[in-house]
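Chains, contacts and geometry: an overview
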Amino acid sequence: MSNQFIVAVNVNGKDYRRFVEPRLLLSDFLRHELDLIGTHVGCEHGVCGACTVLFDGQPVRSCLMFAVQADGHEIMTVEGLGTPEKLHPIQEAFWEAHGAQCGFCTPGILMTLVPFLESNPDPDENDIRHAISGNLCRCTGYQHIVDSVRLAAEKMRT
């Protein structure tokens, strides 16, 4: 274990301590060390947005960070948003307005939208399209995603 470091991190409200190699990516740490497979890995270059998580409340590409950089920080993955019994309003809206197709990009989009909708509770279509511009979806023309975000904003306002 001489080439390993201890990482102490809070993920979805739960504290974890693990020995990790310094080159382990945060996305791989979440998926393989903590079994939080909702964080998807697409391009591994930070371009597609599938691996987006909240790092101290801000969206980051977990494939561009090392796990050791998360030491002492709070992370939220899509698993921390809601439960099957009580979905987060964003998850409800995506379900109701058909914002997900294959679902591969959805966790990253949802995690991008959490702070966006908290700071912009009544976005217009341009605001929404700009907010999700760093998240690639290969299944849709984005209209159902935009409709889902509008519905989510409405749900979160009421």
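Below is a short write-up of the structure. Here the residue numbering is sequential within each chain, running from 1 through the sequence in written order. Predicted model: local features are reported for residues with pLDDT of at least 70 only, side-chain atom pairs are reported and counted for 80 or more only, and whole-chain, interface and lining totals are derived from all residues. Only hydrogens and water are removed before side-chain values are computed, so all heavy atoms of the structure are retained for them.

1. Re the pairing of strand β1 (residues 5-11)
At least two DSSP bridges between two strands are needed for those strands to be called paired. Numbering of helices and strands starts at the N terminus; helices are DSSP runs of H or I of at least 4 residues and strands are runs of E of at least 2. Across seven bridges, β1 lies against strand β2 (residues 14-20) in antiparallel orientation. Its bridge partner lying in β2, V9 is registered against Y16. The loop that links β1 with its antiparallel partner β2 comprises two residues; one of these, N12, has a positive phi angle of about 55°. In terms of strand pairing, β1 meets strand β5 (residues 74-76) through two bridges, oriented parallel. By the bridge assignment, N10 is partnered in β5 with E74.

2. A short note on the sheet that holds strand β3 (residues 52-55)
Two strands in a sheet stick together by hydrogen bonds in their backbones, pointing the same way (parallel) or opposite ways (antiparallel). Spatial ordering of the open sheet is given by β2-β1-β5-β3-β4, a layout of five strands whose pairing is mixed. In the strand order of this sheet, the two ends are held by β2 and β4 (58-61), each with one partner. Pairwise comparison of adjacent strand axes, ignoring direction, gives a mean angle of 40° for this sheet. Across the sheet, helix α3 (residues 106-119) lies against β3, β4 and β5, angled at about 35° from β3, the strand it touches most. Note on geometry: axes are C-alpha line fits, over the in-contact stretch for helices, and angles between N-to-C directions span 0 to 180 degrees. Any two residues whose heavy atoms approach within 4.5 Å at even a single point are treated as in contact.

3. Observations concerning the environment of V60
Position of V60 among the secondary structure elements: in strand β4. In this structure the C-alpha to C-alpha distance between V60 and I6, which are 54 residues apart in sequence, comes to 22 Å. In this structure, V60 is in contact with C51, T52, V53, F55 and M65, ignoring residues within four places of it in sequence.

That's the geometry; what it means functionally is another story.
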